[in-house]
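# Inside the fold
One letter stands for each residue in the lines below.
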Amino acid sequence: MTQSHRLAILAGARTPQAKAFGSLAACSAVELGVHATQAALSKASLQPAAIAELVMGNVAGPPDSANLARIIALKAGMPQDRIAHTVNRYCASGMEAIIAAWQAIQTERGEVIVAGGTESMSQIPMLFSQTAQRKLLAIARSKTWASRLAGYAGLRPRDFKPVLGVELGLTDPACGMNMGQTAELLAEEFSITRVEQDQFAVDSHRKAIAAAQRCFMSGEIAPLETAGQAIQCDVGPRDHQSLAALAKLKPLFKRDGTVTAGNSCPLTDGATALVVCAEKLLLESPDRFQQPPLGYVSAYAIAGCDPRRMGLGPVFATAKLLKQTGMQLGDFDLIEINEAFAAQVLACLKAFASKRFAASELQRGESLGEVDPSRLNIHGGAIALGHPVGASGARIVLTLLRALREKGLQRGLATLCVGGGQGYAVMVESS
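Attention in this report is confined to the structure presented alongside it.

Parameters and conventions
Residues numbered from 1 in each chain as written. Predicted model: local features only at pLDDT ≥ 70, side-chain atom pairs only at ≥ 80, totals over all residues. Heavy atoms only, no water. Helix = DSSP H or I, 4+ residues; strand = E, 2+ residues; numbered from the N terminus. Buried < 20%, exposed > 50% of the residue type's maximum accessible area, 1.4 Å probe, protein only. 1 Å grid on protein atoms, 1.4 Å probe; cavity = no way out; pocket = protein on both sides within 12 Å on 5 of 7 lines; lining within 4 Å. Points joined across faces, edges and corners; volume = space filled by probe spheres on them. Nonpolar A, V, L, I, M, F, W, Y, C, P; charged D, E, K, R; others polar. Salt bridge = Lys/Arg side-chain N within 4 Å of Asp/Glu carboxyl O. Pairing = 2+ DSSP bridges. Right-handed = clockwise from strand over helix to strand, strands pointing away. Core = buried A, V, L, I, M, F, W, Y, C linked by side-chain atoms within 4.5 Å. Contact = heavy atoms within 4.5 Å.

### Here we look at unusual backbone geometry
- The backbone of C215 shows a phi angle near 65 degrees, a positive value even though the residue is not glycine.
- Checked against the element boundaries, C215 lands in the loop between α8 (194-213) and β8 (224-226).
- A positive phi angle, near 45 degrees, is found at N377, a position not held by glycine.
- You can call N377 buried: its relative accessible area is 0%.

### Remarks on the layout of surface pockets
- Taken as a whole, the largest pocket holds about 930 Å³ of empty space.
- Residue lining of the largest pocket: 40 residues in total, with A261, S264, C265, P266 and L267 positioned closest to the centre.
- Ranked by residue count, the leading element in the lining of the largest pocket is helix α14 (residues 382-385), at 3 residues.
- Split into classes, the residues belonging to the lining of the largest pocket amount to 25 nonpolar, 12 polar and 3 charged.
- Space inside the second largest pocket adds up to approximately 290 Å³.
- Counting residues per element, the ones that place at least two in the lining of the second largest pocket are α3 (93-106) and α10 (279-284).
- If one sorts the elements of the lining of the second largest pocket by residue count, α10 sits on top with 3 residues.
- Along the lines of polarity and charge, the residues of the lining of the second largest pocket split into 3 nonpolar, 3 polar and 4 charged.

### Overview of the pattern of salt bridges
- Enumeration according to the criterion identifies 19 salt bridges in this entry.
- Several salt bridges converge on common partners, so that one network encompasses R6, E279, R411 and E429.

### Here we look at the pairing of strand β3 (residues 53-57)
- Counting buried positions along β3 yields 5 of 5 residues, so the element is predominantly enclosed.
- Where β3 meets strand β4 (residues 83-87), 5 bridges bridge the pair, whose relative direction is parallel. Bridging across to β4, G57 finds its partner in V87.
- Traced from β3 through helix α2 (residues 68-75) to β4, the parallel crossover comes out right-handed.

### Side note on the nonpolar core
- Of all hydrophobic cores here, the largest spans 101 residues; its most connected members are V297, L312 and Y424.
- With 9 residues, α3 is the largest single contributor of residues to this core.
- Non-local contacts of L312, meaning those with residues more than four positions away in its chain, are made with L186, F190, A347, C348, A351 and F357.
- The next biggest cluster of nonpolar side chains, apart from the first, holds 40 residues, and it includes A13, C27, A39 and A44.

### Overview of the environment of N67
- Looking at where N67 falls in the secondary structure, it is placed in the loop between β3 and α2.
- For N67, a relative accessible area of 33% translates into the label partly exposed.

### Structural notes on the environment of S191
- Locating S191 in the fold gives a position in the loop between α7 (179-189) and α8.
- Since its relative accessible area comes to 56%, S191 is described here as exposed.
- A sequence separation of 152 residues divides S191 from A343, and the C-alpha atoms of the two residues are 9.6 Å apart.

Structure below.
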């Protein structure tokens, strides 16, 4: 939907992104969020006391920080009387935080807000089975040494096999499929080959490396130090990624499938924060801020779809956005589609261009249109950069706005698929 005034993105920053259990594994989601928030405030030349509220997207929900946004706000230096809350729309949580901030501003809850997302997929807990939990709980409640020893004696090796929280989170309870299996479904439905997927992945790495080499990404990354090591850039992009190397990888989700670790996004740690306010505030108080905004969010749409085809969420959300705004797909100078899987993005591109899909799924007489590859994910995407699920929505908005400004372009579309069968689309403008 559209609002009465656009949302101004005053400034934004993010942490480097790194494959889970790697360079950023020691950093909690809170620590990553604090780092991104402080960096964004610095870019906006604002003190924490200037912020009325903080909204942060997060999916894994650290057990020790249930409302991690509040902890981030306080640790970032915001006064105790400022409010904060956490939002979860799975992969779109970072976008949901931006829209939640926009809605808070529209209802005059605050003037300047920090919105973003954070995720430490490294620190998603490992769980015990319910049987093991009952045994361990009985031991903890034992009042005598004899009963405690009896409890320990009842433990079996299988009780110590952990249940991986990240695997549970990546499996949809509504359809029983994990995210990779949904990508395989789309690859089959849209006749997307393994070579096409691998080539898309190679291109993602190539574009990400090129962006890093000309220091484009350093304009949004705030380096951090962890475990005695300075992390200054994204860890994922591979300089020499090739079709030959990717061809050696085995399918992950289906014996004769085409989706591999190489043409999928990796589990990732990272955080992004944006400082936002109403466009109206800039018009009424032009001297309040030291630099012009990065750009504006002017409309958004959220759509639901079959959980088994969750990867098509961007198509449904974009169709809804175009109907709301009267725009055409060709009106967007640059487009970001989050790269959960190469098969998923390629399926979206085919669905965008398909008149049959438009008629049967979108109730449109004409297709949404073809996406010019030279306008899509021009600095690489999540296959190379990674996908910290709670943060990616905010990350692609930040990257897109910076790309529009650098190239002197006006309008962009940021969209992503959402586990459980949803899609999110946001229209941004540079001026």
